[in-house]
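# Structural characterization, general
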Amino acid sequence: MDLVTLWFVVVAFFWTGYLVLEGFDFGVGMLAPYAGRDAAGRSAALRTIGPVWDGNEVWLVVAVGATFAAFPRWYATMFSAYYLPMLLVLLALIARGVALEFRGKLDSARWRRWCDRALVVGSAVPAVAWGAVFATLVRGLSLTADGTFTGATAASGYAVAALGGAASGALFLLHGATFLALRTTGDVRARAVHVARLLGPVATAVVAGLLAYVQIRRGDTVTAGLAAGAVVALLLASVLVRRGRDAWAFAGTAAGVALTFVTVFAALFPDAVPSSLDPAWSLTVDAAAAQAYALRTMSVVAAVFAPLVLAYQAWSYWVFRRRVAAP
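These numbers were taken from a predicted model, which means no experiment stands behind them. (Residues numbered from 1 in each chain as written. Predicted model: local features only at pLDDT ≥ 70, side-chain atom pairs only at ≥ 80, totals over all residues. Heavy atoms only, no water.)

Attention now goes to the packing of helix α1 (residues 3-35) against helix α3 (residues 53-70). Direction vectors running N to C along α1 and α3 enclose 155 degrees, while the axes themselves pass 8 Å from each other. Compared by their axis directions, α1 and α3 come out roughly antiparallel. You can see that α1 and α3 cross each other, and the crossing is left-handed. Where α1 abuts α3, its residues Trp7, Val11, Phe13, Phe14, Trp15, Gly17, Tyr18, Leu21, Glu22, Phe24 and Asp25 lie against Trp53, Asn56, Glu57, Trp59, Leu60, Val62, Ala63, Val64, Ala66, Thr67 and Ala70. Considered class by class, the residues forming the contact of α1 with α3 number 16 nonpolar, three polar and three charged. (Axes fitted to C-alpha atoms, helices over the stretch in contact; angles between N-to-C directions. Helix = DSSP H or I, 4+ residues; strand = E, 2+ residues; numbered from the N terminus. Parallel < 35°, antiparallel > 145°, perpendicular 65-115°, else oblique. Left-handed = near helix turned anticlockwise from the far one by under 90°. Contact = heavy atoms within 4.5 Å. Nonpolar A, V, L, I, M, F, W, Y, C, P; charged D, E, K, R; others polar.)

Next up, the structure:
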């Protein structure tokens, strides 16, 4: 494996790790007003992600930074094409962070209601937006022969974006429900399990539809196996949550999220940004990559610090592993 391919795998790993970890954060944020029937229940639901949500967001910083450093043309093309969605995601993440941090700073029911609304919107917007972005990336952007993004979007592009947004939104809701079932007790857990039971078949069907589109558009035998694994993992999670196997059900949804987005990255390779105008005009990973010296330097830094960061985050999850009960 050459350095360019290695760093494509590394970038895919960072993006997938972010979506797996922030995926259940998004799901909990969207479900908290429902899972908690009263103020104590909603607070208990949010305390499950309180110690970890900001650490999970660091994965986004690392993923974006790695994309910029290893594949500057990929970064430039994507953020030119998705400037408005990325701006909406940024604003939503700001609103979500403020709501989580300041919700308990004022003893006012009205203030908490506004924070809960901001939390729902701030979680739903990026949950849907990331699916729409990656789905339309598989479809391809309107790149010319010199790699310029023209800004043209066909009607089919909006349909694919809607499919991707629906798939990621449902997937993250299910992922958050299984996480709440794993980390809470009493009425909050019961309502989370109820949501997971209802959402399991729906999320599996929508994700299967998205992965079928990916397979038709750019698939091969590798992506077919990965897509099948994602669907099987979600089906198993739906069964396990009905049997009260909370930890295994959460592992199933985590595997479903991971395999879904790994399928997307595998379908993209060896392109970074496919061209919807002419496949010959696609931006390949080789053309988008930084110079070899930069990739070698980054490899050394990543080899030293990535294991330390992963070990610290695993330790923090172990420390906060106990269930949260509403008072």
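Now that the structure has been shown, we can carry on.
This brings us to α3. For α3, which comprises 18 residues, the first-to-last C-alpha distance of 26 Å matches the rise-based estimate of 26 Å (1.5 Å per residue) to within 8%. What α3 keeps buried is the set Trp53, Asn56, Glu57, Trp59, Leu60, Ala63, Ala66, Thr67 and Ala70. Residues of α3 that are buried sit in contact with α1, α4 (72-81), α5 (83-102), α6 (109-139), α11 (285-288) and α12 (292-319). (Expected span 1.5 Å × (residues − 1). Buried < 20%, exposed > 50% of the residue type's maximum accessible area, 1.4 Å probe, protein only.)

The next point concerns the packing of aromatic side chains. For the structure on display, the rule yields 23 aromatic pairs. Cluster of aromatic residues (ring-pair linked, three or more members): Phe8, Trp15, Tyr18, Phe26, Phe71, Trp74, Trp130, Phe134, Phe172, Phe261, Phe265 and Phe269. The ring of tryptophan 114 has arginine 117 lying over it, and the distance from NZ or CZ to the ring centre is 4.7 Å. Positioned over the ring face of tyrosine 34 is arginine 191, at 4.3 Å from the centre of the ring. (Phe/Tyr/Trp six-rings, centres within 6.5 Å; stacked < 30°, edge-to-face > 60°. Lys NZ or Arg CZ within 6 Å of the ring centre and 35° of its normal.)

A full pass over the atoms with the stated rule returns nine salt bridges. Residue aspartate 25 is joined to arginine 96 by a salt bridge in which the shortest nitrogen-to-oxygen separation is 3.8 Å. Here the residue aspartate 25 occupies a position in helix α1, and arginine 96 occupies one in helix α5, the gap between them amounting to 71 residues. Overall, aspartate 25 belongs to the buried group, its relative accessible area being 0%. Looking at arginine 96, the relative accessible area reads 0%, which means it is buried. For aspartate 246, the salt bridge identified is with arginine 323, shortest N-O distance 3.1 Å. One end of the pair, aspartate 246, is in helix α10 (residues 246-268); the other, arginine 323, is in the segment after α12, with 77 residues separating them in the sequence. Taken together, the shared-partner salt bridges in this structure form one network comprising Glu22, Asp25, Glu57 and Arg96. (Salt bridge = Lys/Arg side-chain N within 4 Å of Asp/Glu carboxyl O.)

Before going further, it helps to spend a moment on the confidence of the model for the chain. On average, residues of the chain carry a pLDDT of 91, and 98% of them reach 70 or more. No element of the chain has a lower mean pLDDT than helix α2 (residues 39-47), which averages 86, and none a higher one than α10, which averages 96. (pLDDT = per-residue confidence, 0-100.)

What follows covers the packing of helix α9 (residues 221-242) against α10. Running from N to C, α9 and α10 point in directions that differ by 160 degrees, and their axes come no closer than 8 Å. By the angle between their directions, the pair α9 and α10 is classed as roughly antiparallel. For the pair α9 and α10, the sense of crossing is left-handed. Where α9 approaches α10, its residues Thr223, Leu226, Ala227, Gly229, Ala230, Ala233, Leu234, Ala237, Leu240 and Val241 are matched on the opposing element by Trp248, Ala249, Gly252, Thr253, Ala255, Gly256, Leu259, Thr260, Val262, Thr263, Ala266 and Ala267. Within the contact of α9 with α10, the residues separate by chemical class into 15 nonpolar, seven polar and no charged.

Secondary-structure assignment places leucine 174 in helix α7 (residues 155-183). Once the C-alpha coordinates of leucine 174 and aspartate 220 are considered, the two residues, 46 residues apart in sequence, prove to be 28 Å apart. If sequence neighbours within four positions are ignored, leucine 174 has contacts with Ala196, Leu199, Gly200, Ala203, Leu234 and Thr253.

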